[in-house]
Structure formats: C-alpha cells, structure tokens
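What follows is the residue order along each chain.
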Amino acid sequence: MVDVTALGARVASSAVAPLVRRLFVRDGPGAGLVDRPVRISALVSFRGEKRTVTPEDVDRIAQELVRRALAAAGPGEEPVGAGEAAAVKDALARTLARLGEITVEDYEAVGLGPERFARALRTGVPLSPYGLSEGGLLLYERLLHTAALHILNFLTQRSTYVARQQTVQTQQLARLVQGVDVLLERLPSQSAEDAGFEERYADHVTARHGTLTIYGLDAGTREWPLDTAYLSLEATRPQAGRDGHRDTAHPTGAAEQVLAGQDQVFLRGVAGSGKTTLVQWLAVTTASRVYDHGLTHLIGRVPFVLPMRRIVRPGAELPFPGDFLRAVGCPVAGEQPPGWAERVLRARRGVLLVDGIDEIAGERRAAARRWLRELVRAFPGNLWLVTSRPSAVPEEWLAAEGFGERVLARMSQDDVATFVRRWHRAAGAEASVGEALLRSVRSTPQLTGLATNPLMCGMLCALHRDRRGFLPQDRRSLYEAALTMLLERRDRERELHDPDGIRLAYAIQVQLLQKLAWWLIRNSRLEMDRAEALQLIGGALPALGLDGAGEEGVYRALLLRSGLLREPAEGRVDFLHRTFQDYLGARLAVQDLDFDLLVNHAGDDAWEDVILLAVAHARPKEAEHMLRRLTEEGTPRGTLLAAAGLRYAAEVEPGTRRLVEEQLAALVPPSTFELAGEIARRGGDLVLALLPGPEGVDDLTAAIVTATAVEVGSEAALHFLTRFRDHPGRDVQVILADSWHRFEREPYAREILAHLREQWPVQVSTLDDLRSLRALGGWERIVVRGAYRIEDLTALIVPERLTYLALQAPHPVEGLAWLSAFPALDTVHVASRDVDAAVARELPAGLEITWESDRQPSPTHHQG
C-alpha cells in the first residue's frame, strides 16, 4: 500500500488551489478593510450575505479532495476502502466548515503556519463518530494539512493581507514604544557616575545571589546555578475572607509573581520553605535586566537585598537608604555615588527585599516595623517584599503600612518530583535512583510528612543516595544521619585526612557546634562575631582534651570541614541553615537539663523547633515533663506544641498522651481557618480522628474542618476528605477543588474531583494535570499556573466543557485569539499588567476578560 503521509503532497496544486478558492469570497479593496479585524469567518463563501457556495458544496469540495488523493494513490494502493473514504470525506467537510466559525484573523492564521492552523481547524471536531482506522485518520490529517497549506497561501495573496500586515506591524511597534516609555519613566536622566555604578552593582548582585546552596550534593553542599535550581512554589492569600469565609476571589499564584499585582507584600513561610531563595531569585532577575520571565514590573528597577539578621546590630539603629549596601557588606558600597540610593527610591525604581523578620529578637521587631513604615512613607511607589516565619509576628502586622499578606505554601507532590529529579541530574545520579526515592516518599506517610520544603527534600535525596535507599523515618533521625554524613563520612570518603593538621572526631565536632548553636539561641542571635566563637571554642577545649590544639586551628577545622558553619561576612559566623542550629542547640539543652528554660520560651516562635527537637532528644521521663509543662500553660499554643511533641517523642506515658489529646480535642474543630492551619501542622494525622462531620455541622465549620484535613495532607487525610465530597456547602466544594495540587494527582482526581457537586476552579501546571481532567470528561473552570503552550491547552482541554479560564502567566506572543477554540468559554482572567485594549480586541465576541491591575482586577467585556 502507498505511504499515506505522502498522499497529500501527491495531489497536484493545480487541482487543490481552485477548490480552496471556492471556499472564500472574492477579494475586496484593501484600504477599506485595514481599520478593523479581518477574520477568516467573514471571508468564507458559504455563510453570510455573500454566499456563492452552499454548505452542500463544502461537502462536495471535501469529496473531490478525497477522490483526487485516492486517484493519486494508483490502483491497488488505496489506503482505505470506499466506505471509510466516505467517512474521511465527512470528517474533512466538517473540519473545513470550521472556517465559518473560527475567529482567527488572516495574518494570525499565516503566522500559525499550516500545522498549527490545521490543528486550530480540527479543534472542536470530534473524530470518534466517524470511526476512522489508523489509515483513515492519517489520510484525513494529510488532506487537512494540504488544504491548510493552500488556504494560507491564498490568504497571503489577497490585497487586504499586505495592508493588514502593515497595520499589525504598526501596532506591534506601538507596543514596543509603550514598553520603552515605561522603561524611560523608570530610568530618569542619570549622570554617567550613577549609570556606571548601577552596572557594577547589578553585576555584584547577580554574582552574589546567582547561586543556591543545595544540601547533600557531593556528600555535603554545593552551589547550584539559581536559574536551574529555582523551584516555583505557590504564594497563597490568607485563608479567611472578611466575612470569616474562605477567600476565593482569586486563584493562588506563583511566588515570584507576588509583586506583580501589589507593590507591598508580607510573605510568611516555615523554615526551609524557600523564602530566602525567592528573595535571591527576584534580586537576580531584577539586576540581570533580562525580562523573559514575564515580570515586566521589574523593568528598570534596582534590587536591595536586606537580610534582617545582617542589618540589625545590638544598640545600633536600622540603616537608611544611603547605608543599605554598607550594612549588608556589599564590596562596591564604597564606590556608591553620594545620594544614589535616595535618587533610585525617589524615582520609584527600588525593589526592597527585607528577609527574615523572625530572625531578629522580639524586642527589635517593633523598631523594625517603625523603620519600614518610615521608609514606605518617605519613598512611595517602590516594590517591597518582607518575609518571616508564620507566627513570628501577629496577623496583619504590616497591614496599616499597606502590605498585603501571602503565605508560601508547602511543596506539592509535583514540586517534590521536580526537585528530586533536578537534584539527581545535578548530582550525576541515575534517574532510576530518584524515581525509587519518589516511590518511597509517596508510599510512606512519615516520608511524605518530611518532604514538604526544599531543605528537607535535599536532605532526603542526599541520604537516600548515600545509604543506598535506606531512609530515616522521623525528623530527628534525618538530622542525625545528615550530621554523620557531613561531619564524619564526608572527609573520610573523599580521602581528606587531617585538614590543616587537625582532625576532629565526630563527637568533638558535635559538642563544639552544639555550644555555638545553644549560645546563639539563648541570646536570640543568628550570627556571632568571630571573636565570640573563638572564646566559646577556647573555653571548651580543656574539657575535650584539646588544650594544645588552639582555638584558632579548631575553629578553622570546623569552618572548612563540617559544612555546617560559614562566614557570611568578614568577622561574622553563622550556621548553614537555621534548622541545623535549632537541632544542635536542642541536643545541648537536653544534655544540660534546661527543660524549664525551653518551656518558658514556648510563646516565642523562634524556639518552637528547638522545643520539639528537644522532646525528640529527651529520655521518656524528660519528654513527659516537657509535655505536661506545655499543657499547663493553658494556652492554645502550648497545647499545639504538646500535640506536635507527641510525634517527636519516642515513648510517651499513656496518661500524658491522654492529657495532651484531651486538650487538643478542646480546640477541634478549629474556630478559624488560621487556627486550622496551626492545628494541622502540629497535630498531623492525630487531628483527623478528632474532626467532626460532615453531619451535624454548619457550612462554615464544615469548610474549616475540610481546610484542616487538607493542611494535614496525608493519605489518611485524603480518605477523610471523601466524607465531604458531597457536602452542599459552597466553601467546602471550593476548598476541595482548590486543593488538588496538595495531594497525589490521580487518587485525588478519582476520589474527590470526580464526585464534586459543582466544578469550581482547579489549578493545572503540567500536561498530566490536563490529561487527568480530560479523563474525567473535562472541567469547566481551569486555572493554568505558570508558562503554557497554546497547543497543549487546545489539545488537552475538552472544549465544550470550559467556561472559565485563568492564565497565571503573561499571555504568549500569539495573543488570545486561540480562545475561540472553546465555544462555551465566557470568562478569561489574565494575571498580567501587560493586558491592554489591543489584547481585548483579539478575543472572541461575547467573552469577558479580567486582569490583575496595580490594585484590583478590572473587567473588560468584548462585544466583537
């Protein structure tokens, strides 16, 4: 038989071209058509007032194309029989009839090319009713491609096309001019001195923040290029709306887009969740002046990275703009032209990234808020991102200063998979090793609970590879194994013996690091002076039998070989990550029997992990003492810490466990969405057995209960949520739809989404997400998170079902005319400041568009 893929090419152009021309009306005067869109549907000759071809003629044209193709095949080479040839003809005729429905303009169609234009025609034409075999389907596709090629060629020969192309190019130039105007507005006239310094400063920011420390590579730590290591996570709005109900006004979005819709953002996130990495990414993206991420609000701006633990000094005032660079130890600070920073901020060009409010002492946070207030008022119009751990400061801590709050979400199942695969590629490990780890994480609840942020995922990857698949099942064991790998096995396996003439045993390294960590915790510090570190080490050496070693040599050995200490600036010392400081400090607190000191700090957010890790290290009686003391606090925080402690303690006396569970039960169901998150984070699966419903609870309580189970996020939580999938409450249904990405995709789609009463918005970020929704028969409201390809959306979204589409990324260069592929679509939301009237005109008639403005969404209804 003849190769079907060649048949289309074997139909002579002299035969196809006349058939194609019959589908369109005769050309009109070009000048009269260039001031309005020229849509292909307005040019066809089988609809409208200028009909020269009937719908039956379209059927005959398709029949003639099929006949000529089969004749070109030759006797005995026909790929399909007479019966299937008729089916191919019917499918082709229906597809060509789409020319009367498609709203793509002629110049846009030519820009698509024959392959994508043929795909646009085929969209909305189900082929299953025609029963085509593989050969029939190939014949249909080749004939459609051939017809599309000739249609586009015909369009380019029309006199109106040339005139229209000139108009389009003019509009494109106008958009470029508009972009340049934005840039010029943000780049006022500068002296050569200012401009030259900004170039040098931008190079410094890119070099300093352009790499990311990823734990565990090379049995230790390694710098990863930020552009390949950065993992886009979710930044969600606070869960409660003004009326106490779930805030569902807008879908959640990528964390790097937080400043796209609001100039001032206060971002909360747990330790290791990626707050500092996000700060680095925004700084480098701004400084590099390469705007291929769609973040046009960063054009022409200057980043200032302000880690709070670096700029807050005991007894010293917080710095003002002229001292920003000096305060963070920037090496080019001395070259800064006088008044440069103030000129940048007065021109509203600054991106101020204030990292780690939680990393300064509680008594300094009020001063930090006053400092922020004064700066925002003195220099309005700049972009601000302030980060903190979740409960370091009260809700709406900066609301009066105009800051909107966001929460950095934990990693989803897809985020974990992406991170693990990237890690193993960077480590040069076999892909099968990473896939084995993913299977373990997904099938083991304890590991699922650990793999919630980039730091913990990196540790799991390192230990999984190092231990050939054996993984610790709890947080304490995970840290202990990581310490062993870093402090003992790293140098031995890399054959680094006696570095700098001093070899420190594992136990000695741990003891010295514990003393440094516990001193920092007790003094509410995250850094110490080098002289303070030397004094602490020197005081410990006699008891460790190292009198003659010298504190300087021991300090250098710890700094160079442990991988846990670093010098972020000259004369300053800190730990690689705060989590390691908390773990080591907790070990020494238990050794020194400082249990009362720990419990007395239960109200301090900075001590939470230290307390929990101390429970993990303590012996049973000591752990029992701490848990009972926490419950005696009589506060929700004390109860929640005790509940979290149950998961850390190796052994808990039944009476103590019962006491903690009873106090926890008094907080369940939670009264607010915020409390729901706290209870779920600390109580874990223990909370699920205490949650009520769905019978006998009001709609608001049902919604809060649902949100609590979602925050638990385990396999048991998914099973619990099946009880609420039929609940009639709007908020319950919205939460269930919005939480798909928090669980494993397929089970959640099967057990929850498929049973919802109404199809509220769900987020998709991968092709597998789209395929899962298609397997459910399609979905009505879809939120596309991050970059996307038009052909993927048109191929995988069931067109007849889609009514609402949110695009959480700038629209592609092709515009939005492709939305005509979805006949039921009535609303599209674009999360970009770049949407303008020109884009709105590209939309199909009757479609409403909303987009993120500087303050709030604004709708535009396109009338066609």
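For the structure, check the block above.
To start, this report covers the structure provided alongside it. (Residues numbered from 1 in each chain as written. Predicted model: local features only at pLDDT ≥ 70, side-chain atom pairs only at ≥ 80, totals over all residues. Heavy atoms only, no water.)

Description of the environment of Leu559
So, point 1. For Leu559, the location among the structural elements is in helix 22 (residues 551-561).
So, point 2. Here the alpha-carbon distance between Leu559 and Val573, two residues 14 residues apart in the chain, equals 9.0 Å.
So, point 3. Excluding its chain neighbours within four sequence positions, the residues that come into contact with Leu559 are Leu565, Arg566 and Glu567. (Helix = DSSP H or I, 4+ residues; strand = E, 2+ residues; numbered from the N terminus. Contact = heavy atoms within 4.5 Å.)

Description of the sheet that holds strand 11 (residues 565-566)
So, point 1. The strand order across the open sheet formed by 3 strands is 10-12-11, and the pairing between neighbours is antiparallel. Looking at which strands have only one partner, the edges of the open sheet turn out to be strand 10 (528-529) and strand 11.
So, point 2. Summarising the sheet, strand 10 and strand 12 (residues 572-575) pair through 2 bridges and their orientation is antiparallel. Looking at strand 12, one finds that Met528 is bridged to Val573.
So, point 3. The strands touched by helix 20 (residues 506-522) are strand 10, strand 11 and strand 12; relative to strand 12, the strand with the most contacts, the crossing angle is about 100 degrees. (Pairing = 2+ DSSP bridges. Axes fitted to C-alpha atoms, helices over the stretch in contact; angles between N-to-C directions.)

Description of the pattern of salt bridges
So, point 1. If you walk through the whole model with that rule in mind, you get 41 salt bridges.
So, point 2. Here Asp358 ties to Arg389 by a salt bridge, and the two come within 3.6 Å at their closest N and O atoms. Of this pair, Asp358 sits in the loop between strand 7 (350-355) and helix 14 (362-378) while Arg389 sits in the loop between strand 8 (383-388) and strand 9 (404-408), and the two are 31 residues apart along the sequence. Here Asp358 and Arg389 have matching classes, each one buried.
So, point 3. Bridged by salt links that share partners, the residues Asp358, Arg389, Arg578, Asp582 and Asp609 form one connected network. (Salt bridge = Lys/Arg side-chain N within 4 Å of Asp/Glu carboxyl O. Buried < 20%, exposed > 50% of the residue type's maximum accessible area, 1.4 Å probe, protein only.)

Digging into the packing of aromatic side chains
So, point 1. Summed over all chains, the structure comprises 14 aromatic pairs.
So, point 2. Measuring from ring centre to ring centre gives 5.7 Å for Trp518 and Trp607, while their planes differ by 75 degrees; the resulting arrangement is edge-to-face. Residue Trp518 is found in helix 20, and its partner Trp607 is found in the loop between helix 24 (595-600) and helix 25 (608-617); the two are separated by 89 residues along the sequence.
So, point 3. Looking at Trp518, the relative accessible area reads 2%, which means it is buried.
So, point 4. On the accessibility criterion, Trp607 (3% relative accessible area) is buried.
So, point 5. Linked through ring pairs, Phe197, Tyr201, Phe304, Phe324, Trp340 and Trp371 together constitute an aromatic cluster.
So, point 6. A cation over a ring is seen here: Arg781 above Trp760, with NZ or CZ 4.6 Å from the ring centre. (Phe/Tyr/Trp six-rings, centres within 6.5 Å; stacked < 30°, edge-to-face > 60°. Lys NZ or Arg CZ within 6 Å of the ring centre and 35° of its normal.)

As for the environment of Val599
So, point 1. Inspection of the secondary structure puts Val599 in helix 24.
So, point 2. Overall, Val599 belongs to the buried group, its relative accessible area being 0%.
So, point 3. Val599 sits 26 residues away from His625 along the chain, and the two C-alpha atoms are 9.9 Å apart.
So, point 4. In this structure Val599 touches Met626, Arg629, Leu630 and Glu633, once residues within four positions along its chain are discounted.

Things to note about the pairing of strand 15 (residues 804-808)
So, point 1. Burial within strand 15 is extensive, with 5 of its 5 residues counted as buried.
So, point 2. Neither face of strand 15 is exposed, since Tyr804, Ala806 and Gln808 on one face and Leu805 and Leu807 on the opposite face are all buried.
So, point 3. Across 5 bridges, the pairing between strand 14 (residues 781-785) and strand 15 is parallel. In the sheet register, Arg781 faces strand 15, and the bridge partner there is Tyr804.

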